[in-house]
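Here are the chains, one letter per residue:
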Amino acid sequence: MPRKTDGMIFELHKRPTTGSDGKPLLYARPESGMKKKTDDLDRFCTLYRGLRPGEMSRLFDCFMEVAAQWLAEGYRIETPVGSFAPRLRLNGDFTDPNDVHGRDVSFAGIDFLPSKRFVEAIGENLCGFRKSPRRMGTAQMQDVEAMERALRQSLHNGYITVRNFQKHSGLSNKSANRYLHRLCEGEHPRLRKEKEGNTLHFFPND
């Protein structure tokens, strides 16, 4: 039977709950490392959708500037792809509305609800699914050669990031983070970590 060559690539991971056979139940998610950037979208729309170079990027910049103002005022913004709304959080436990003041509320992020039209459009473009050739979950951590290969492939500009290692190892972000931190421990650590902004860089100890 020929191997499927189209469709969304998915990988399997273990859930914390077990099935009737006592083994962990599985869940599927899109293969890690699959991403497109605004530049990719801009280039595609220039080549195949008749937009001028940079037009898509400028549209996103303009939308972000205006939407940020409206969301900060409490508006829900409805667009063809879905609606955006500010999410709030109470800074404490309250039962009496009279005890709540402006200082007790904080901005907790943005809620996005995709539109029916957007969801249907994705469904119309789906061509099925195909399983990633990567090993499931964290089983690959027991494969010394695979982990060494992933470390080498993740080394760029003299350091490794969690995201790069996750991409090449097939591990989840949490597992990749834990693995790299373990290599920084012991009497003779293989890696040392340094933080630059919000990103950890792991440098080989030569």
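Everything below is about the structure printed above this text.
As the structure is a computational prediction, the values presented were derived from the model and not from experiment. (Residues numbered from 1 in each chain as written. Predicted model: local features only at pLDDT ≥ 70, side-chain atom pairs only at ≥ 80, totals over all residues. Heavy atoms only, no water.)

Draft legend 1. Broad picture of the packing of aromatic side chains. With the rule as written, the count across this model stands at five aromatic pairs. With 4.9 Å between their ring centres and 45° between their planes, Phe84 and Phe112 make a pair best called tilted. Placement of the pair is Phe84 in strand β4 (residues 82-90) and Phe112 in strand β5 (residues 105-114), with a sequence separation of 28 residues. Residue classification places Phe112 among the partly exposed positions, given a relative accessible area of 41%. The rings of Phe63, Phe84 and Phe112 are connected pair by pair, giving a single aromatic cluster. (Phe/Tyr/Trp six-rings, centres within 6.5 Å; stacked < 30°, edge-to-face > 60°. Helix = DSSP H or I, 4+ residues; strand = E, 2+ residues; numbered from the N terminus. Buried < 20%, exposed > 50% of the residue type's maximum accessible area, 1.4 Å probe, protein only.)

Draft legend 2. Region of interest: the nonpolar core. In terms of nonpolar packing, the biggest core is built from 14 residues, with Leu151, Ile160, Phe165, Leu180, Leu191 and Phe202 touching the most fellow members. Broken down by secondary-structure element, the contributors of at least two residues to this core are α4 (144-154), α5 (162-169) and α6 (173-182). Setting aside anything within four residues of it in sequence, one finds Phe165 in contact with Met147, Ala150, Leu151, Ser154, Ile160, Gly170, Leu171, Ala176, Tyr179 and Leu180. (Core = buried A, V, L, I, M, F, W, Y, C linked by side-chain atoms within 4.5 Å. Contact = heavy atoms within 4.5 Å.)

Draft legend 3. Broad picture of a nonpolar patch on the surface. A contiguous nonpolar patch, built from Met8, Val81, Phe112, Phe118, Ile122, Leu126 and Phe129 and spanning about 590 Å² of accessible area, is present on the exposed surface. Inspection of the secondary structure puts Val81 in the loop between β3 (77-79) and β4. The class of Val81 is partly exposed, set by a relative accessible area of 35%. (Patch = residues over 30% accessible without salt bridge, like charges linked within 9 Å, V, L, I, M, F, W, Y side chains within 5 Å. Areas by Shrake-Rupley, 256 points an atom, 1.4 Å probe, with all protein chains shown as cover. Salt bridge = Lys/Arg side-chain N within 4 Å of Asp/Glu carboxyl O.)

Draft legend 4. Fine view of the packing of α4 against α5. At a minimum axis distance of 8 Å, the contact between α4 and α5 shows a crossing angle of 135°. Between α4 and α5, the crossing angle belongs to the class labelled oblique. By crossing handedness, the relation of α4 to α5 is classed as right-handed. Packed against α4, whose contacting residues are Met147, Ala150, Leu151, Gln153 and Ser154, the element α5 presents Asn164, Phe165, His168 and Ser169 at the interface. In the contact of α4 with α5, the residues fall into four nonpolar, five polar and no charged. (Axes fitted to C-alpha atoms, helices over the stretch in contact; angles between N-to-C directions. Parallel < 35°, antiparallel > 145°, perpendicular 65-115°, else oblique. Left-handed = near helix turned anticlockwise from the far one by under 90°. Nonpolar A, V, L, I, M, F, W, Y, C, P; charged D, E, K, R; others polar.)

Draft legend 5. Spotlight on the side chain of Ser154. Relative to the elements of secondary structure, Ser154 occurs in helix α4. A polar atom in the side chain of Ser154 sits 3.4 Å from the backbone oxygen of Asn164. Other than its neighbours up to four places away in sequence, Ser154 contacts Tyr159, Ile160, Asn164, Phe165 and His168. (Polar contact = N/O pair within 3.5 Å; in protein donor to acceptor, adjacent residues only side chain to side chain.)

Draft legend 6. Representation of the sheet that holds β4. Read from one edge of the open sheet, three strands run β3-β4-β5, paired in antiparallel fashion. In this open sheet, the two strands that pair with only one neighbour each are β3 and β5. Each strand axis lies, on average, 25° off the axis of its neighbour in the sheet, ignoring direction. Both β3 and β4 contribute to a ladder of three bridges, which runs antiparallel. The residue bridging Ile77 from the neighbouring strand is Phe84, located in β4. The strands touched by helix α2 (residues 55-72) within the sheet are β3, β4 and β5, with β3 carrying the most contacts at an inclination of about 145°. (Pairing = 2+ DSSP bridges.)

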